[in-house]
Amino acid sequence: MKPPTVKLPVPPERIDGQTVTFRPVRDGIESEVSGVMQVIADADGFTVNASYIVSQNPPLSRVYWFDQSEIDAIARPAVKEKRRILIVDDDPESTRLVKILLEKTGCYLVLEENHAAKAHQTAQNFRPDLILLDIMMPATDGGEVAAQIEADPELQRTPIIFLTALVTKPETKTGIRIQGHLSLAKPINIPELINRIEENLPAQ
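Residues numbered from 1 in each chain as written. Predicted model: local features only at pLDDT ≥ 70, side-chain atom pairs only at ≥ 80, totals over all residues. Heavy atoms only, no water.

## Details of helix α2 (residues 92–103)
Between its terminal C-alpha atoms α2 stretches 16 Å, which fits the 16 Å expected from 12 residues at 1.5 Å a residue. T95, V98, K99 and L102 are the residues of α2 that are buried. The buried residues of α2 occupy one face: seen down the axis, they fall within an arc of 105°. Exposed residues lying more than 90 degrees from the buried face of α2 are E93 and L97. Lining the buried residues of α2 we find β5 (83–88), β6 (108–113), β7 (130–134) and α6 (190–200). (Helix = DSSP H or I, 4+ residues; strand = E, 2+ residues; numbered from the N terminus. Expected span 1.5 Å × (residues − 1). Buried < 20%, exposed > 50% of the residue type's maximum accessible area, 1.4 Å probe, protein only. Arc of directions from axis to C-beta. Contact = heavy atoms within 4.5 Å.)

## Concerning the sheet that holds strand β1 (residues 19–22)
Strand order in the open sheet formed by 4 strands is β1-β2-β3-β4, and the pairing between neighbours is antiparallel. This sheet does not close on itself; its edge strands, each paired only once, are β1 and β4 (59–65). For this sheet, the mean angle separating the axes of adjacent strands, direction not counted, is 40°. Strand direction decides the pairing type here: strand β3 (residues 46–56) and β4, joined by 7 bridges, are antiparallel. Bridging across to β4, Q56 finds its partner in P59. (Pairing = 2+ DSSP bridges. Axes fitted to C-alpha atoms, helices over the stretch in contact; angles between N-to-C directions.)

## Some remarks on unusual backbone geometry
With an omega of 0°, the peptide bond running from N57 to P58 counts as cis. Topologically, P58 is positioned in the loop between β3 and β4. That bond from K186 to P187 is cis: its omega, -5°, falls within 30 degrees of zero. Looking at where P187 falls in the secondary structure, it is placed in the loop between β10 (181–185) and α6. Its identity as a non-glycine residue notwithstanding, R127 has a phi of 50°, on the positive side.

Pasting the structure below:
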């Protein structure tokens, strides 16, 4: 019987080689087993299987081919991966605190960059979903960093939120924008920051 062809909702390398727990129902087994997934590219899509142990004595294993509904269920947790946030600020204590508080939510992977001159390269490597950017920094200020990001074809759609002591909290409440980007007043209110991040993150 030909294995079912499936479409993968995530890159194949996110599934290939992963250990997964599943029920091989079409083999008449209702209990959960574990196996290592193998992704095979096909002209029409992919076929995905996992080998699982049927018995120890005598040793017996079987290959199970997943259908689309099974692949969708397996991939669902992988699709809801943590969103990547890059925070650029010359104050390491500030970035460390924001990183800890954001990562505590379990929703974000946060990278700190305390050297504005390196921020563009860091963003190219990290590929953030959103950038938190201080304005007042020595040598290279936040406006220059934002301009570098906007000029990069691969990063220009990345949302930027300015963090600044240049505006007051009442001003940020009015939705004030700097260079077209949303801005939040320092010191940062973390619940408000999370709300703004969620409002501005691109859809997955």
